[in-house]
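Chain by chain, the residues:
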Amino acid sequence: MGETTVTTLEGRQGSTTSPIAGTEDDRNGRTSARVLRRLRTPRRPRLWFEILLIAVSYWTYSLIRNAVPEQKSQALRNADWIWRVEHDLGIAVEQSINHAVDSVTWLIVGMNYYYATLHFVVTLGVLVWLFRKHPGRYAATRLVLFATTAVALVGYYLYPLAPPRLMNGTHFIDTVVVHQTWGSMASGDLKNMSNQYAAMPSMHIGWSLWCGLTIFALASVPWVKVLGLLYPTATLVVIVATANHFWLDAVGGMICLAFGFAVARLWYGSMPYALPREVAVEGEPVLTPLR
């Protein structure tokens, strides 16, 4: 349907497209374009939906992460390989840092609580700040975080890795066990609730760097921008000092974050921070990105 046969003056038959069919195709194409444009246009986030989305997403992430088989033997072999590579690169100083910081009780206890709590508190705090102060950038920046976390699950499945504190014969100190601090899913009574061999990539670095870059890019107060950059730097020191990660785990977290930004850039056609701060009112033209 949609094609009719006509005879030319030379007596040859040809075909031409029916105007009705062409109109239908154009209309379908325009409808698809409108739907896609609507999906890719920042809209004002709804509080109840965001709370539900974040809760379900984190529950799903935890469920999948902990469902990855704990391949202990392979994870320990991978940890030995990482440790050898770091020695070859001259960056295998995690054990020295671990022992040095552990000798200062108040410092290592503080780092244990930092590791157990700020990972969630700061990330949620930045999400709330974006929701209230930067609604036009919220969805795109949230997509970066979600895509980063999703690709990390692939790393946990494909590359099981034991943290330094669980390695054999390296004398790393499990600082949570030694100082009996609470709250960490990595040691103590809570360790059976968490996959102990999902150290690569480090989402403590992935999430903290997401927070730091977001604060640095969008905060208006200079000292707050500085704090934004200091947060992932401090997190890097903490994950090493507590023997929960190698340096290279942090590199894995950074790669995952770069993937998250690429996904958001492809979907929204702009980096999240370059989108308009406010959401356009229905019926008004959408503001173009600042850069």
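Everything quoted here is computed from the prediction, not taken from an experiment. (Residues numbered from 1 in each chain as written. Predicted model: local features only at pLDDT ≥ 70, side-chain atom pairs only at ≥ 80, totals over all residues. Heavy atoms only, no water.)

How do you make sense of unusual backbone geometry when you look at a structure like this?
Most peptide bonds take the trans configuration, and most residues that are not glycine carry a negative phi. In this chain, Met200 is followed by Pro201 through a cis amide linkage whose omega measures 0°. With respect to the helices and strands, Pro201 occurs in the loop between helix 7 (175-179) and helix 8 (203-218). The backbone of His171 sits at a positive phi, close to 65°, despite the residue not being glycine. Note that His171 resides in the loop between helix 6 (135-158) and helix 7. Positive phi, normally seen in glycine, also occurs at Ala243, with a value near 65°. One can find Ala243 in the loop between helix 9 (222-241) and helix 10 (247-268). Take Ala243: its relative accessible area is 0%, and that puts it in the buried class. (Helix = DSSP H or I, 4+ residues; strand = E, 2+ residues; numbered from the N terminus. Buried < 20%, exposed > 50% of the residue type's maximum accessible area, 1.4 Å probe, protein only.)

What am I meant to see in the confidence of the model for the chain here?
Caution applies to low-pLDDT regions: their predicted coordinates should not be interpreted in detail. Residue-level pLDDT values for the chain average 83, and 76% of them are 70 or greater. The low-confidence segment residues 1-18, where pLDDT is below 50, has 18 contacts with residues more than four positions distant or belonging to other chains. Segment residues 283-291: pLDDT under 50, and 13 contacts once partners within four positions in sequence are set aside and those in other chains are kept. (pLDDT = per-residue confidence, 0-100. Contact = heavy atoms within 4.5 Å.)

I would appreciate a short explanation of the packing of helix 5 (residues 105-133) against helix 9 in the present structure.
The geometry of a pair of packed helices is captured by two quantities: the angle between their axes and the separation between those axes. One way to put it is that helix 5 packs onto helix 9 with a least axis distance of 10 Å and a crossing angle of 130°. With respect to helix 9, the axis of helix 5 lies oblique. Seen from above, helix 5 lies across helix 9 with left-handed handedness. Taking contact as the criterion, the partners of Ile108, Met111, Tyr114, Tyr115, Leu118, His119 and Val122 in helix 5 are, on helix 9, Tyr231, Ala234, Thr235, Val237, Val238, Ile239 and Ala241. Across the contact of helix 5 with helix 9, the residue classes break down as 12 nonpolar, 2 polar and no charged. (Axes fitted to C-alpha atoms, helices over the stretch in contact; angles between N-to-C directions. Parallel < 35°, antiparallel > 145°, perpendicular 65-115°, else oblique. Left-handed = near helix turned anticlockwise from the far one by under 90°. Nonpolar A, V, L, I, M, F, W, Y, C, P; charged D, E, K, R; others polar.)

Explain the packing of aromatic side chains to me, please; I cannot follow it from the model alone.
To describe a pair of aromatic rings, one takes the distance between the centres and the angle between the planes. Per the counting criterion, the structure on display carries 11 aromatic pairs. Relative to Phe120, the ring of Tyr58 has its centre 5.7 Å away and its plane inclined at 85°; by these criteria the two rings are edge-to-face. Of this pair, Tyr58 sits in helix 2 (residues 47-67) while Phe120 sits in helix 5, placing them 62 residues apart in sequence. Under the relative-accessibility criterion, Phe120 is labelled partly exposed at 33%. In this structure an aromatic cluster arises from ring pairing among Tyr58, Tyr61, Phe120 and Trp207. Above the face of the Phe49 ring, Arg46 is positioned so that its terminal group lies 5.5 Å from the ring centre. (Phe/Tyr/Trp six-rings, centres within 6.5 Å; stacked < 30°, edge-to-face > 60°. Lys NZ or Arg CZ within 6 Å of the ring centre and 35° of its normal.)

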